[in-house]
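# Breakdown of the fold
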Amino acid sequence: MTVRTPDPESGWMNDDELALVRRRVPMLYVEAIPVRVDASGAVEHLGVLLRADSQGVMTRSFVSGRVQYGESIRDALLRHLEKDLGTMAFPALPQALAPFTVAEFSPMPGTGLFDARQHAVALEFIVPVAGECNPRQDALEITWLTPQQALDPDLLEELEGGRGQVLRTAIGHLGLWP
């Protein structure tokens, strides 16, 4: 059984070609942590997705996906936000789009951020969403957490590939340490 998100525009590479490239070239990804903000713009909740991996193991993650050839970072981010959160999430991307950090995932275990498939570089964004989030594709649900809840060691451990480090960085970037 496969639970990976089908690539709606997979014509750019078939699965074998993608596997070959992943073994030889770092892949560029965008990842987003959706947030709910109050009327003054202060972050009240951060969202993490619940997903099942190819073995059916439940993990927590962020909105995430590859940047396709010829696609802008903004377009890739919007595409993956819609794919994972639904069309009614209403993300608010700033005019000047800048990641809060850059994460490098290694295929070598024990190196911090880990992705067994590839060497990947992910531009990490914090994105306010104002609408209704209805996870789609391989995202089963979104869990909204206060910053204090997001720092729970058990939750941080559930985040796949070491993304607990990235979530801690996001909370620090937002100045939300308890």
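From a predicted model like this one, the values you see are computed outputs, not experimental measurements.

### What to know about the pairing of strand β1 (residues 27-37)
Of all the 11 residues making up β1, eight are buried; the element is thus mostly covered by neighbouring parts of the structure. Bridge count for β1 against strand β6 (residues 120-128) is nine bridges, and the pairing is parallel. Across the sheet, V35 pairs through a bridge with P128, a residue of β6. Pairing analysis gives four bridges linking β1 to strand β4 (residues 63-66), with the strands arranged antiparallel. The residue bridging V30 from the neighbouring strand is G65, located in β4. Relative to strand β2 (residues 43-52), β1 runs antiparallel, the two sharing three bridges. Across the sheet, V35 pairs through a bridge with L46, a residue of β2. Between the end of β1 and the start of β2, which pair antiparallel, lie five residues, with G41 showing a positive phi angle near 95°.

### Observations regarding the pattern of salt bridges
Applying the stated rule across the entire model yields eight salt bridges. A salt bridge links D84 to R51; its shortest N-O distance comes to 2.8 Å. Separated by 33 residues along the polypeptide, D84 in helix α2 (residues 73-85) and R51 in strand β2 bring together distant segments of the chain. When sorted by exposure, D84 lands in the same class as R51, which is buried. The residue E158 makes a salt bridge to R60 at a minimum N-O spacing of 3.3 Å. Of this pair, E158 sits in helix α4 (residues 153-158) while R60 sits in strand β3 (residues 58-61), and the two are 98 residues apart along the sequence. By relative accessible area, which is 41% here, E158 ends up partly exposed. Given the relative accessible area of 13%, R60 is considered buried.

### Here we look at the confidence of the model for the protein chain
Chain-level statistics for the protein chain give a pLDDT mean of 89 and a share of 93% at 70 or above. Within the protein chain, the element-level pLDDT minimum falls on helix α1 (residues 15-24), averaging 78, and the maximum on β6, averaging 97.

### A short note on the nonpolar core
In terms of nonpolar packing, the biggest core is built from 28 residues, with I33, L46, F62, L167 and I171 touching the most fellow members. When near neighbours in sequence (up to four residues on either side) are disregarded, L46 contacts I33, P34, V35, T143, W144, L145, T146, P147, A150, L167, I171 and L174. The next biggest cluster of nonpolar side chains, apart from the first, holds 18 residues, and it includes V30, L85, L123 and V129.

### A short note on the environment of F62
Relative to the helices and strands, F62 resides in the loop between β3 and β4. Classification of F62 by relative accessible area gives buried; the value is 0%. Put simply, F62 and L81 are 19 residues apart on the chain and 9.8 Å apart in space, counted from C-alpha to C-alpha. Ignoring sequence-local partners within four residues, the contact set of F62 consists of E31, A32, I33, V48, L49, R51, D84, E124, L159, R163, V166 and L167.

### Focus on the pairing of β6
Side chains on a regular strand alternate between the two faces of the sheet. Of all nine residues that make up β6, seven are buried, and the element is covered over most of its length. As judged from the five bridges shared by strand β5 (residues 101-105) and β6, these two strands associate in the antiparallel manner. From the neighbouring strand, T101 faces β6, where its bridge partner is E124.

### Details of unusual backbone geometry
Of all residues except glycine, most have a negative phi; of all peptide bonds, most are trans. A positive phi angle, near 55°, is found at F90, a position not held by glycine. Of note, F90 is situated in the loop between α2 and β5. Among the residues examined, F90 registers a relative accessible area of 46% and is labelled partly exposed.

Criteria and cut-off values
Residues numbered from 1 in each chain as written. Predicted model: local features only at pLDDT ≥ 70, side-chain atom pairs only at ≥ 80, totals over all residues. Heavy atoms only, no water. Buried < 20%, exposed > 50% of the residue type's maximum accessible area, 1.4 Å probe, protein only. Helix = DSSP H or I, 4+ residues; strand = E, 2+ residues; numbered from the N terminus. Pairing = 2+ DSSP bridges. Salt bridge = Lys/Arg side-chain N within 4 Å of Asp/Glu carboxyl O. pLDDT = per-residue confidence, 0-100. Core = buried A, V, L, I, M, F, W, Y, C linked by side-chain atoms within 4.5 Å. Contact = heavy atoms within 4.5 Å.

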